[in-house]
Amino acid sequence: MLIIGRLMLGVGVGFANQVVPVYLSEMAPAKVRGALNIGFQMAITIGILIANLVNYGTAKISGGWGWRVSLALAAVPAILMTVGSFFLPDTPNSILERGHVDEAKKMLQKIRGTPNVDEEFQDLYDASEAAKQVHHPWTNILRGRYRPQLTMCTLIPFFQQFTGINVIMFYAPVLFKTIGFGAEASLMSAVITGVVNVVATLVSVFSVDKFGRRILFLEGGVQMFICQCLVGIMLALKFGLRGEGTLTKFDADFVLFLICAYVAAFAWSWGPLGWLVPSEVCALEIRSAGQAINVSTNMIFTFVVGQVFLSMLCHFKFGLFFFFAGFVAVMTVFVFYMVPETRNVPIEEMNRMWKAHWFWGKYIPDEAVIGSSNEIQPNKTA
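A short tour of the structure in this document, coming up. (Residues numbered from 1 in each chain as written. Predicted model: local features only at pLDDT ≥ 70, side-chain atom pairs only at ≥ 80, totals over all residues. Heavy atoms only, no water.)

### Notes on the overall build of the chain
Where we set the bar: The numbering of helices and of strands both runs from the N terminus, where a helix is a DSSP run of H or I of at least 4 residues and a strand a run of E of at least 2. The size measure is the radius of gyration over C-alpha atoms, and the globule rule it meets is 2.2 Å times the number of residues to the 0.38 power. The buried label goes to any residue with under 20% of its type's maximum accessible area, the exposed label to any with over 50%, and the partly exposed label to all in between, with areas taken from a 1.4 Å probe on protein chains only. Here a residue-residue contact requires only that any non-hydrogen atoms of the pair lie within 4.5 Å. Note that accessible areas follow from Shrake-Rupley with a 1.4 Å probe, and for residues the cover is restricted to the protein chains shown. Counted as positive: Lys and Arg. Counted as negative: Asp and Glu, with His and the chain ends omitted from the count. A charge is said to be at NZ when it belongs to Lys, at CZ for Arg, at CG for Asp and at CD for Glu.
Scanning the chain from N- to C-terminus turns up 17 helices and 0 strands. Computed over the C-alpha atoms, the radius of gyration of the chain is 22 Å, within 12% of the 21 Å expected from 2.2 N^0.38 for a compact globule of 382 residues. Projected onto its principal axes, the C-alpha coordinates of the chain cover approximately 65 × 45 × 35 Å. Each of the 382 residues in the chain was classed as buried or not, and the buried ones make up 49%. Look at the contacts in the chain between residues 6 or more apart in sequence, and 75% of them connect residues 24 or more apart. For the chain, the accessible surface area stands at approximately 18700 Å², while carbon and sulfur atoms represent 69% of it. Averaging the locations of the 28 positively and 25 negatively charged side chains of the chain gives two centres separated by 8 Å.

Okay, structure coming up:
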């Protein structure tokens, strides 16, 4: 029953991860698209914190049935999502795809709060007409002109999971107990990292549209790399290759601090941006396929990392943190050279951004670029 329930829950989570980032990106104005989209990640971090608090509380229930309460309470957000969905309007893009031009324009005027939406609506209409010529988005996304989008929708979710974050969030109590925290202390430590996760995500909400995606990606990558290396060094010195040793209170507090700093770096960089960037870079004609690839890649490697972590912890010991630090180094270099800045770029004009990139520009044909008076300058550093 538990396995079947988890499978059904996976279907629901998969649908939500598929549609919510795209929905937010299509509804939001370009200047605040990042902040609104990160609301998705913000909700996830709050949910993780609440789950940690529930687990901490239900673990104290005598009689051994607290886990039932913990699982049952997951129905509360599911009910809220189901009821709330009846009140959500369709996006103008979605309405246009179904051929209702006047209705789409009215919806755009409503969500922008102004009747002056002609320029943005024309971009949406042109993109919709182009999308209608594509009958097989899964075949289309494999074409050369969509190589940048396919790369982002594959590598960004892959790298997001190989930051090692789900190792921390899934197994925080196990990990903390393994390195010397008591059973109750390990649960409380998981709550602490959950609080850090929420607060740091707020940093991203208020900074992503002000400073851009790239700077958060790069700063977060450097901070995660440093924290993982320091945790690895600390555990190597205290436990060695045999995995035997103890931590003093100072050592344990320092490890907790480093893990919190690592979680904070992820929460304002790869956490929200791993969902935001793939959802905003795809043209309308491949958006559904691109987001499906993004979600599927993310979930597959969430599963892989979750399955192998405990075995890796037993065999790699402190080396596990160096393992993930190596991936963080690679993904930070990838962002520096290959990921352009998408801040303030209208979602239907992303091809202009790709065309201006030093590497990806060669894949984008001239006719794929929507004309506009605001020219995007080539990204010299990337």
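Still to come is the rest of the account.
### Some points on the pattern of salt bridges
Oppositely charged side chains are able to pair whenever their charged atoms sit close together. The line we're drawing: What makes a salt bridge here is a side-chain nitrogen of Lys or Arg within 4 Å of a carboxyl oxygen of Asp or Glu, nothing more.
A complete count under the given rule lists 10 salt bridges for this structure. Between Arg 287 and Glu 26 there is a salt bridge, with the nearest N and O atoms lying 2.8 Å from each other. Linking Arg 287 in helix 15 (residues 284–316) with Glu 26 in helix 1 (residues 2–27), this pair joins segments that are 261 residues apart in sequence. Taken individually, Arg 287 and Glu 26 each receive the classification buried, so the pair is uniform in this respect. One salt bridge in this structure joins Asp 251 and Lys 238, with 3.0 Å as the shortest N-O distance.

### Things to note about empty space enclosed by the protein
The line we're drawing: Only protein atoms enter the 1 Å grid used here, on which a cavity is any set of points holding a 1.4 Å probe that cannot leave and a pocket is any open set flanked by protein within 12 Å on both sides along at least five of seven lines; residues with an atom within 4 Å of a point are listed as lining. Grid points are joined across faces, edges and corners, and a volume is the space filled by probe spheres set on the points. Amino acids are sorted into nonpolar (Ala, Val, Leu, Ile, Met, Phe, Trp, Tyr, Cys and Pro), charged (Asp, Glu, Lys and Arg) and polar (every other residue, Gly among them).
Per the stated rule, a full pass over the model turns up 1 cavity of 30 Å³ or more. Put simply, the largest cavity is a space of about 70 Å³. Along its surface, the largest cavity is lined by Thr 163, Gly 164, Val 167, Ile 168, Cys 227, Gln 228, Val 231, Ile 259, Tyr 262, Phe 321 and Phe 324. Secondary-structure elements contributing two or more residues to the lining of the largest cavity are helix 10 (165–178), helix 12 (213–239), helix 13 (249–267) and helix 16 (319–338). The biggest single contributor to the lining of the largest cavity is helix 12, with 3 residues. Residues belonging to the lining of the largest cavity are distributed by class as follows: 8 nonpolar, 3 polar and no charged.

### Overview of helix 6 (residues 101–112)
Test applied: Multiply 1.5 Å by the residue count of a helix minus one, and that product is the helix's expected span. It is the directions from the helix axis to the C-beta atoms whose arc is reported.
With 12 residues, helix 6 should reach 16 Å at 1.5 Å per residue; the first-to-last C-alpha distance of 17 Å fits that figure. When helix 6 is considered as a whole, its buried residues turn out to be Ala 104, Met 107, Leu 108 and Arg 112. Buried residues in helix 6, looked at end-on, bunch into an arc of 120°, giving them a common side. Every exposed residue of helix 6 that faces more than 90 degrees away from the buried side is listed here: Asp 102, Lys 106 and Lys 110. Backbone geometry just after helix 6 places Gly 113 at a positive phi near 75°.

### Side note on a nonpolar patch on the surface
Note the following rule: A residue counts toward a patch only above 30% relative accessible area and without a salt bridge, and it is joined to like-charged neighbours within 9 Å or, for Val, Leu, Ile, Met, Phe, Trp and Tyr, to nonpolar neighbours within 5 Å.
Residues Val 222, Phe 225, Ile 226, Leu 230, Ile 233, Leu 237 and Phe 322 make up a contiguous nonpolar surface patch of roughly 620 Å² in combined accessible area. Per element, the largest residue contribution to the nonpolar patch is 6 residues, and it comes from helix 12. Here Phe 225 lies in helix 12. The partly exposed category is assigned to Phe 225, whose relative accessible area is 34%.

### With respect to the packing of aromatic side chains
We count it as follows: Whether two aromatic rings pair depends on their centres lying within 6.5 Å, for rings of Phe, Tyr and Trp, where Trp uses its six-membered ring; planes under 30 degrees apart make the pair stacked, over 60 edge-to-face, and the rest tilted.
Summed over the entire model, instances satisfying the criterion amount to 22 aromatic pairs. Residues Phe 318 and Phe 322 carry aromatic rings whose centres are separated by 6.3 Å and whose planes lie at 90° to one another, so their mutual orientation is edge-to-face. Among the aromatic residues, ring-to-ring pairing joins Phe 158, Phe 159, Phe 162, Phe 217, Trp 270, Phe 301, Phe 316, Phe 323, Phe 324, Phe 327 and Phe 334 into one connected group.

### Points about the environment of Ser 189
Topologically, Ser 189 is positioned in helix 11 (residues 183–211). Separated by 13 residues in sequence, Ser 189 and Phe 176 place their C-alpha atoms 7.4 Å apart.

### Side note on the side chain of Arg 33
The criterion, for reference: For this analysis, a polar contact is any N or O atom pair within 3.5 Å, provided that within protein one partner can donate a hydrogen and the other can accept it, and provided that sequence-adjacent residues contribute only side-chain to side-chain pairs.
Looking at the secondary structure, you find Arg 33 in helix 2 (residues 33–58). In this structure the side chain of Arg 33 is engaged in a polar contact, spanning 2.7 Å, whose partner is the side chain of Glu 280.

### Description of the nonpolar core
Note the cut-off: Throughout, nonpolar core names a set of buried Ala, Val, Leu, Ile, Met, Phe, Trp, Tyr and Cys residues whose side chains join them through atoms within 4.5 Å.
Counting 73 residues, the largest nonpolar core has Met 152, Trp 270, Leu 273 and Trp 354 as its most contacted members. Contacts of Leu 273, omitting those with residues within four sequence positions, involve Ile 38, Val 208, Arg 213, Leu 216, Phe 217 and Pro 278. Grouped together as the second largest cluster of nonpolar side chains are 8 residues, Ile 95, Leu 108, Phe 121 and Leu 124 included.

### A few points about unusual backbone geometry
Not every positive phi belongs to a glycine, and Lys 317 is a case in point at roughly 55°. The residue Lys 317 is located in the loop between helix 15 and helix 16 in this model. Overall, the relative accessible area of 25% leaves Lys 317 in the partly exposed class. You will see that Asn 344, though not glycine, has its phi angle at about 65°, which is positive. Classification of Asn 344 as partly exposed rests on a relative accessible area of 40%.

### Section: the packing of helix 12 against helix 14 (residues 270–281)
Operational definition: Structural elements are reduced to axes, namely lines fitted to C-alpha atoms, with helices fitted over the stretch in contact, and the angle between N-to-C directions of any two is expressed from 0 to 180 degrees. A crossing counts as left-handed when the near helix is turned anticlockwise from the far one by less than a right angle, and as right-handed when that turn is clockwise.
Between helix 12 and helix 14, the shortest axis-to-axis distance is 10 Å and the interhelical angle comes to 145°. Crossing of helix 12 over helix 14 shows left-handed handedness. Contacts between helix 12 and helix 14 involve Arg 213, Leu 216, Phe 217 and Met 224 from the first element and Trp 270, Leu 273, Leu 276, Val 277 and Glu 280 from the second. Residues of the contact of helix 12 with helix 14, tallied by class, amount to 7 nonpolar, no polar and 2 charged.

Nothing here speaks to function; it is all geometry.
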